Amino acid sequence: MNASGTPQIVVTQVRSAIGAKPKARGALRALRLGKIGRSHTLPDRPEIRGMLRKVSHLITVEHVTAQEVGDAETA
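Residue indices follow the written sequence of each chain, beginning from 1 at its first position. Only residues with pLDDT of at least 70 get local features here, since the model is predicted, and only at 80 or more are side-chain atom pairs given and counted; chain-wide, interface and lining totals rely on the full set of residues. Heavy atoms from the whole structure form the basis of all side-chain values; hydrogens and water molecules are not counted.

## As for the nonpolar core
Selection rule: Residues belong to one nonpolar core when they are buried, are Ala, Val, Leu, Ile, Met, Phe, Trp, Tyr or Cys, and are joined through side-chain atoms within 4.5 Å. In this scheme, a residue with accessible area under 20% of its type's maximum is buried, one over 50% is exposed, and one in between is partly exposed, where area comes from a 1.4 Å probe on protein chains only. Each helix corresponds to a stretch of at least 4 residues labelled H or I by DSSP, and each strand to a stretch of at least 2 residues labelled E; elements are numbered beginning at the N terminus. Any pair of residues with heavy atoms lying within 4.5 Å of one another is described as a contacting pair.
Counting 15 residues, the largest nonpolar core has Val11, Leu28, Leu31, Leu52, Val55 and Ile59 as the members making the most contacts within it. Mapped by element, the contributors of at least two residues to this core are strand S1 (8-13), helix H1 (22-30) and helix H2 (46-54). Of the residues forming this core, the biggest block, three residues, is contributed by H1. Ignoring sequence-local partners within four residues, the contact set of Ile59 consists of Val11, Thr12, Gln13, Val14, Leu28, Leu33 and Leu52.

Structure representation (structure tokens):
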């Protein structure tokens, strides 16, 4: 969880969007991904979950604990 108490997830793109449907490519852009290996920490909200479901074959998702988020912010 971050300072506001919202759970966080780390999303990493592991496969290319070449050949993916336009809505899947749009979801990757909305998640601020687009290149293999790029990662972002996002809040765990229903609208984010819907985008993740759309591109589940292209990404990996990890849940982040409050301690891990705090460690990343201090590093």
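## Structural notes on the sheet that holds strand S3 (residues 59-64)
Pairing between the strands of a sheet is mediated by backbone hydrogen bonds and can be parallel or antiparallel. Going by this rule: DSSP bridges decide pairing: two strands pair if at least two such bridges lie between them. Axes here mean lines fitted to C-alpha atoms, for a helix over just the part in contact, with angles spanning 0 to 180 degrees between N-to-C directions.
Taking strand neighbours across the sheet as the criterion, the three strands line up as S2-S1-S3 in an open arrangement whose pairing is antiparallel. With one partner strand each, in any of the chains shown, strand S2 (39-43) and S3 form the two edges of the open sheet. Each adjacent strand pair in this sheet contributes to an overall mean axis angle of 25°, direction not counted. Of the strand pairs in this sheet, S1 and S3 are connected by six bridges, and their pairing is antiparallel. Across the sheet, Gln8 pairs through a bridge with Val64, a residue of S3.

## Section: the pattern of salt bridges
The following threshold applies: Salt bridges are defined by distance alone: a side-chain nitrogen of Lys or Arg within 4 Å of a carboxyl oxygen of Asp or Glu.
Tallied over the entire structure, the rule returns two salt bridges. Between Asp44 and Arg49 there is a salt bridge; the shortest N-O distance is 2.6 Å. Asp44 gets classed as partly exposed once you look at its relative accessible area, which sits at 22%. Among the salt bridges present, the one from Arg45 reaches Glu47, with a minimum N-O distance of 2.7 Å.

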